[in-house]
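# Per-entry structural report
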Amino acid sequence: MARPNLAGTTRLDRFIAYVNPAWAARRQTARLRFEMAGQFRGAETTRLLQDWVTQSLGIVNPRPWELETLRERSQELNRNNPIASGITDTLVTNVIGPGLQPQSRLRAKELGISDEEAQALRRQAENIFDLWQKKADASNRLNFAGLQALAFRKIVEDGEILANLPMLDDATRPLRRAVELIEADRLGTPFGRKGVYDGVEVGDERKEPQKYWIRKANATSNDYEMPRREWSGIPARDSRGRPLILHNYLLKRPGQIRGIPFFAPALTYFKHTGDYMSAAVVTAKMAAFISLVIIQNDPGQNLLRPPGADDKPQEIWEPGSMLRLQPGESASLLDPKGIGDNFGKVMETGLRILGANCGLPYELLLKDF
């Protein structure tokens, strides 16, 4: 029998290998497994964890088709799912509220002025902002507080929002600067354009945003919000370094270029919870009626029916409906099994998971004051 490789072994190992080579081989194999086990249980590759498929950490930004699908599903949930819509409303109400208002805090000593002059400048700055915030929206529909609420709502729903900062020549505005909110769906890469990741053109060295490529919206009244395949490249900053586009999103990883919807980790839970609730409602509605199944024992009996007999069987039942059987037919009671007493517990667990994903406690999630 060939002896095992004894490189790096102790005298005891070599003695055991001389007396019992098979035992020595098992000892060496066990030692190798122990050294490969590592310190973290989460990194094990046991049978119970073999289906845990991971991805390379080098991929920082999601693929464009993934972000598009996440946004579409998040938007659909906010349209049709009362839980998702309620969570978004709660986040907007508790974070933005009536609007975030700045307050002027000038330091008189650092500016070399008196306290009275500093106080006068504070009041002047706050008065100018108060005049501007009423006409902050470039479309003349929202004030600055409304823009904040809408922007944060889209950050929750889409993961990001773009704010264009145009200078408008309008005599009714106290200041030329305005804010134009742009949907994340309009940010994309023109065909054949290089150096652009999903609508954001970045620098070669530090990967800082240099230009944003936005699809133009239609000017017709019927499909105004539908973007066209015409692109407008807006620089991120002007020649003096002032921002022309504000790209607001939650940055979770260094090098992340686009935002990810808040509901992304829990999208499947939203879908399953909604389907479970719909199934419970349908089951309860079925149980409220006496459902019957018509069994034709002898279909040939229908040939003996008298002329003028009603050929349309009754398939829609209401409370108090009467059943008329045809010759050769019998009725069998259909008893749908309900979900049972676990409905409340399952729903509560699901809602707690959804609340944890969005940073809301269960009581605030359901507005249970």
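Described below are features of the structure shown in this document. The model shown is predicted, which means the values in this text are computed figures rather than measured ones. (Residues numbered from 1 in each chain as written. Predicted model: local features only at pLDDT ≥ 70, side-chain atom pairs only at ≥ 80, totals over all residues. Heavy atoms only, no water.)

### Side note on the overall build of the protein
On a plain count of helices and strands, the protein comes out with 10 helices and nine strands. For the protein, with 369 residues in total, the buried portion stands at 28%. Considering only intrachain contacts with a sequence separation of at least 6, the fraction spanning at least 24 residues in the protein is 59%. (Helix = DSSP H or I, 4+ residues; strand = E, 2+ residues; numbered from the N terminus. Buried < 20%, exposed > 50% of the residue type's maximum accessible area, 1.4 Å probe, protein only. Contact = heavy atoms within 4.5 Å.)

### Thoughts on the side chain of glutamine 148
Position of glutamine 148 among the secondary structure elements: in helix α7 (residues 144-158). Looking at glutamine 148, its side chain comes within polar contact range of the main-chain nitrogen of leucine 100, at 3.0 Å. For glutamine 148, the residues in contact, after removing those within four places along its chain, are Ile96, Gly99 and Leu100. (Polar contact = N/O pair within 3.5 Å; in protein donor to acceptor, adjacent residues only side chain to side chain.)

### Brief notes about the nonpolar core
Membership of the largest hydrophobic core comes to 19 residues, with the highest contact counts inside it found for Ile83, Ile87, Leu91, Phe152, Phe263, Phe270 and Leu354. For this core, the secondary structure elements donating two or more residues are α4 (82-95), α7, α8 (267-287) and α9 (343-358). Here this core takes five residues from α4, the largest share from any one element. Apart from the residues lying within four places of it in its own chain, the contact partners of phenylalanine 270 are Leu77, Asn81, Ile83, Ala84, Ile87, Phe263 and Leu354. Counting residues in each nonpolar core, the second largest holds 12 residues, with Leu162, Tyr212, Ile214 and Ile234 among its members. (Core = buried A, V, L, I, M, F, W, Y, C linked by side-chain atoms within 4.5 Å.)

### Concerning the pattern of salt bridges
Taken as a whole, this structure holds 17 salt bridges when the rule is applied. For aspartate 238, the salt bridge identified is with arginine 242, shortest N-O distance 2.9 Å. Judged by relative accessible area, which is 38%, arginine 242 ranks as partly exposed. One salt-bridge network, in which partners are shared between bridges, spans Arg71, Glu160, Asp185, Asp198 and Arg258. (Salt bridge = Lys/Arg side-chain N within 4 Å of Asp/Glu carboxyl O.)

### Here we look at the environment of arginine 193
Secondary-structure assignment places arginine 193 in the loop between β2 (180-182) and β3 (196-197). Not counting residues within four places of it along the chain, the set of residues in contact with arginine 193 comprises Glu201 and Trp213.

### A look at unusual backbone geometry
Despite not being glycine, asparagine 140 shows a phi value in the positive range, around 60°. Mapped onto the elements of the fold, asparagine 140 is located in the loop between α6 (115-134) and α7. Here the phi dihedral of aspartate 198 falls at roughly 50°; this positive angle occurs in a residue that is not glycine. Relative to the assigned elements, aspartate 198 resides in the loop between β3 and β4 (200-202). In this structure aspartate 198 comes out as buried when scored by relative accessible area, which is 11%.

### With respect to the packing of aromatic side chains
According to the stated counting rule, one finds four aromatic pairs in the structure shown. Here phenylalanine 129 and tryptophan 132 contribute two aromatic rings whose centre-to-centre distance is 5.8 Å and whose plane-to-plane angle is 40°, an arrangement assigned as tilted. Separated by three residues within a single helix, phenylalanine 129 and tryptophan 132 lie in helix α6, roughly one turn from each other. The buried category is assigned to tryptophan 132, whose relative accessible area is 12%. A ring pair is formed by tryptophan 132 and phenylalanine 144, whose centres lie 5.3 Å apart and whose planes are at 55°; its orientation type is tilted. Here tryptophan 132 is found in helix α6, whereas its partner phenylalanine 144 is found in helix α7, with 12 residues between them in sequence. A network of ring pairs unites the aromatic residues Phe129, Trp132 and Phe144 as a single cluster. (Phe/Tyr/Trp six-rings, centres within 6.5 Å; stacked < 30°, edge-to-face > 60°.)

### Thoughts on the pairing of strand β1 (residues 160-164)
Burial within β1 is extensive, with five of its five residues counted as buried. For β1 and β2, the ladder comprises three bridges, and the chain directions are antiparallel. Within β2, the residue paired with leucine 162 across the bridge is isoleucine 182. (Pairing = 2+ DSSP bridges.)

### Digging into the sheet that holds strand β7 (residues 245-249)
The three strands are arranged β2-β1-β7 in an open sheet whose pairing can be described as antiparallel. Because the sheet does not close on itself, it has two edges, and the strands there are β2 and β7. For this sheet the average axis-to-axis angle between neighbouring strands, irrespective of direction, equals 25°. The strands touched by α7 are β1, β2 and β7; relative to β1, the strand with the most contacts, the crossing angle is about 140°. (Axes fitted to C-alpha atoms, helices over the stretch in contact; angles between N-to-C directions.)

All quantities given are derived from atomic positions and should not be read as evidence of function.
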